[in-house]
Amino acid sequence: MQRHPELDGLEALLLASLEEGAQAGQTRLDSGRLSRRFDVAHALVRRAAASLEAHGLIEMTDHRGAGPGVWLAIADECAIAGF
């Protein structure tokens, strides 16, 4: 949160999780799994992800199928590297 004072707690947590995942070789994370991991409503994860996408920090991609889940990924690793 110190690197991004404009982010709220869940936004910062999502961004940190995506950064950790990228370091571990995961290019994207599932919003549904993240909501269960953090024990918060899926709608809150999607709202926080939409805010991060509006800041240009992540990209959201819909899952194929009828579910509400989305894939989340770091938007531009070069831009994030300074964090």
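Our structure is the block above this text.
These figures come from a predicted structure and were not determined experimentally.

Enquirer: Lay out the pattern of salt bridges with the relevant residues and their values.
Expert: By the definition in use, this model includes one salt bridge. Arg33 is the partner of Asp30 in a salt bridge, and the nearest nitrogen-oxygen pair spans 3.9 Å. When its relative accessible area of 60% is taken as the criterion, Arg33 is described as exposed.

Enquirer: I'd love a proper account of the environment of Gly56, names of residues and values included.
Expert: On the secondary structure map, Gly56 appears in the loop between helix H3 (42-54) and strand E2 (58-62). Separated by 19 residues in the primary sequence, Gly56 and Ala75 place their C-alpha atoms 6.6 Å from one another.

Enquirer: Describe the pairing of strand E3 (residues 70-74), with residues and values.
Expert: Put simply, side chains in a regular strand alternate between the two faces of the sheet. Counting buried positions along E3 yields four of five residues, so the element is predominantly enclosed. Where strand E1 (residues 29-30) lies against E3, two bridges are found, and the strand directions are antiparallel. Bridge pairing links Leu29 to Leu72 in E3. Summarising the sheet, E2 and E3 pair through five bridges and their orientation is antiparallel. Of the residues in E3, the one forming a bridge with Met60 is Leu72.

Enquirer: Hey, could you go over the environment of Arg37 for me, with residue numbers and the actual values?
Expert: Along the polypeptide, Arg37 turns up in helix H2 (residues 31-38). Beyond its immediate chain neighbours, meaning those up to four positions away, Arg37 contacts Ser17 and Glu20.

Enquirer: Break down the sheet that holds E2 for me, citing the residues and quoting the values.
Expert: Taken together, the three strands give an open sheet; going across it, the order is E1-E3-E2, and neighbouring strands pair in antiparallel fashion. Across the chains shown, the open sheet's two edge strands, defined by having one partner strand only, are E1 and E2. Together, E2 and E3 form the strand contacts of H3, whose direction differs from that of E2 by roughly 130°.

Enquirer: Tell me about helix H1 (residues 9-23), residues and numbers included.
Expert: Compared with an ideal rise of 1.5 Å per residue, which puts 15 residues at 21 Å, H1 spans 21 Å between its outermost C-alpha atoms and is within 8% of the ideal. All of the buried residues in H1 are Leu10, Glu11, Ala12, Leu14, Leu15, Ser17, Leu18, Glu19 and Gly21. Its side-chain oxygen placed 3.1 Å from the backbone nitrogen of Leu10, Asp8 serves as the N-cap of H1.

What counts and what doesn't
Each chain has its residues counted from 1, following the order in which its sequence is written. Totals for whole chains, interfaces and linings use all residues, but because this is a predicted model, local features are given only for residues with pLDDT of at least 70 and pairs of side-chain atoms are given and counted only at 80 or more. Hydrogens are left out, water is left out, and the side-chain values use all remaining heavy atoms of the structure. A pairing counts as a salt bridge when a side-chain nitrogen of Lys or Arg comes within 4 Å of a carboxyl oxygen of Asp or Glu. Each residue gets one of three labels from its accessible area relative to the maximum for its type: buried under 20%, exposed over 50%, partly exposed in between, using a 1.4 Å probe on protein chains only. We count a stretch as a helix when DSSP gives it H or I for four or more residues in a row; a strand needs E for two or more, and each element gets its number in order from the N terminus. Pairing between two strands is assigned when DSSP locates at least 2 bridges connecting them. For this analysis, residues touch if any pair of their heavy atoms sits within 4.5 Å. Interaxial angle, 0 to 180 degrees, is taken between N-to-C directions of lines fitted to C-alpha atoms, where a helix line uses only the stretch in contact. A helix is expected to span 1.5 Å for every residue after the first. In the analysis that follows, any N or O atom pair within 3.5 Å is treated as a polar contact, provided that within protein one partner can donate a hydrogen and the other can accept it, and provided that, for residues neighboring in sequence, both atoms belong to side chains.

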